[in-house]
Amino acid sequence: MAFYTFKQIEVGSIAAGNTATGSWTADDEYIIHKIYIKEATETEIGTRFLNVTMRVDNYVFTKDEVRAEIFDGYYGQVPELNIEFGKGKTFYFSITNEHSSSAINPYIVLELHKP
């Protein structure tokens, strides 16, 4: 398994108390080695107020919801996942902003390796 590329998914601004969902379908054979969730809001509220669920087709790899901050670290801090992500399979996400008053603008980066 060797590094191939990064895929950035723009989530957009999520108002306080709201949820954003989205997906991306693989255009080739990949392994999702790591997933990064970062925040691009000017106020830098951070990802600690974001809860996330993620899956590839029917394989759900977040039990219920998890805090997005687990995926918001440096390379050695973010967990290795190594999830098979074949051509035509779809990565789905749902992110809920639990901050009491501020919108948060997250983005997701998939670190893709070739099998």
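First, a word on scope: everything that follows refers to the structure included in this document. (Residues numbered from 1 in each chain as written. Predicted model: local features only at pLDDT ≥ 70, side-chain atom pairs only at ≥ 80, totals over all residues. Heavy atoms only, no water.)

Assigned secondary structure in the protein chain consists of zero helices and nine strands. From first element to last, N terminus to C terminus, the protein chain shows the α and β order β-β-β-β-β-β-β-β-β. Radius of gyration (C-alpha) of the protein chain: 14 Å, near the 13 Å computed for a compact globule of 115 residues. A principal-axis box enclosing the C-alpha atoms of the protein chain has dimensions of 45 × 30 × 25 Å. Within the protein chain, residue pairs in contact and separated by at least 24 positions form 81% of the contacts whose partners lie at least 6 positions apart. (Helix = DSSP H or I, 4+ residues; strand = E, 2+ residues; numbered from the N terminus. Rg over C-alpha atoms; globule rule 2.2 N^0.38 Å. Contact = heavy atoms within 4.5 Å.)

What follows covers the side chain of Thr47. Mapping Thr47 onto the fold places it in the loop between strand E3 (30–39) and strand E4 (50–56). Among the residues examined, Thr47 registers a relative accessible area of 2% and is labelled buried. Within the local environment of Thr47, its side chain forms a polar contact with the side chain of Asp72, the two groups lying 3.0 Å apart. The residues touching Thr47, leaving out its near neighbours within four places in the chain, are Ile37, Lys38, Glu39, Ala68, Glu69 and Asp72. (Buried < 20%, exposed > 50% of the residue type's maximum accessible area, 1.4 Å probe, protein only. Polar contact = N/O pair within 3.5 Å; in protein donor to acceptor, adjacent residues only side chain to side chain.)

This brings us to the sheet that holds E3. Pairing within the open sheet is antiparallel, and its four strands lie in the order E1-E9-E3-E7. Edge strands, defined here as strands with exactly one partner in the open sheet, are strand E1 (2–10) and strand E7 (83–85). Between one strand and the next, the sheet's axes are offset by a mean angle of 40°, whatever the strand orientation. Two elements, E3 and E7, share three bridges in a ladder whose sense is antiparallel. Bridge pairing links Tyr30 to Phe85 in E7. (Pairing = 2+ DSSP bridges. Axes fitted to C-alpha atoms, helices over the stretch in contact; angles between N-to-C directions.)

To continue, consider the environment of Gly88. Along the chain, the position of Gly88 falls in the loop between E7 and strand E8 (90–97). Through-space distance from the C-alpha of Gly88 to that of Asp28 is 7.5 Å; in sequence the pair is 60 residues apart. In this structure, Gly88 is in contact with Thr25 and Ala26, ignoring residues within four places of it in sequence.

Considering all chains together, one arrives at three salt bridges under this definition. Note that Asp72 is salt-bridged to Lys38, the shortest N-O span being 3.0 Å. Taken together, the residues Asp72 in the loop between strand E6 (66–67) and E7 and Lys38 in strand E3 connect sequence positions 34 residues apart. Here Arg67 makes a salt bridge to Glu98, at a shortest N to O gap of 3.5 Å. Note that Arg67 is positioned in strand E6 and Glu98 in the loop between E8 and strand E9 (106–114), a separation of 31 residues in sequence. The exposure class assigned to Arg67 is partly exposed, which follows from its relative accessible area of 37%. (Salt bridge = Lys/Arg side-chain N within 4 Å of Asp/Glu carboxyl O.)

The next thing to look at is unusual backbone geometry. One non-glycine residue, Asp57, lies in positive phi territory at about 50°. For Asp57, the location among the structural elements is in the loop between E4 and strand E5 (59–60).

That's the geometry; what it means functionally is another story.
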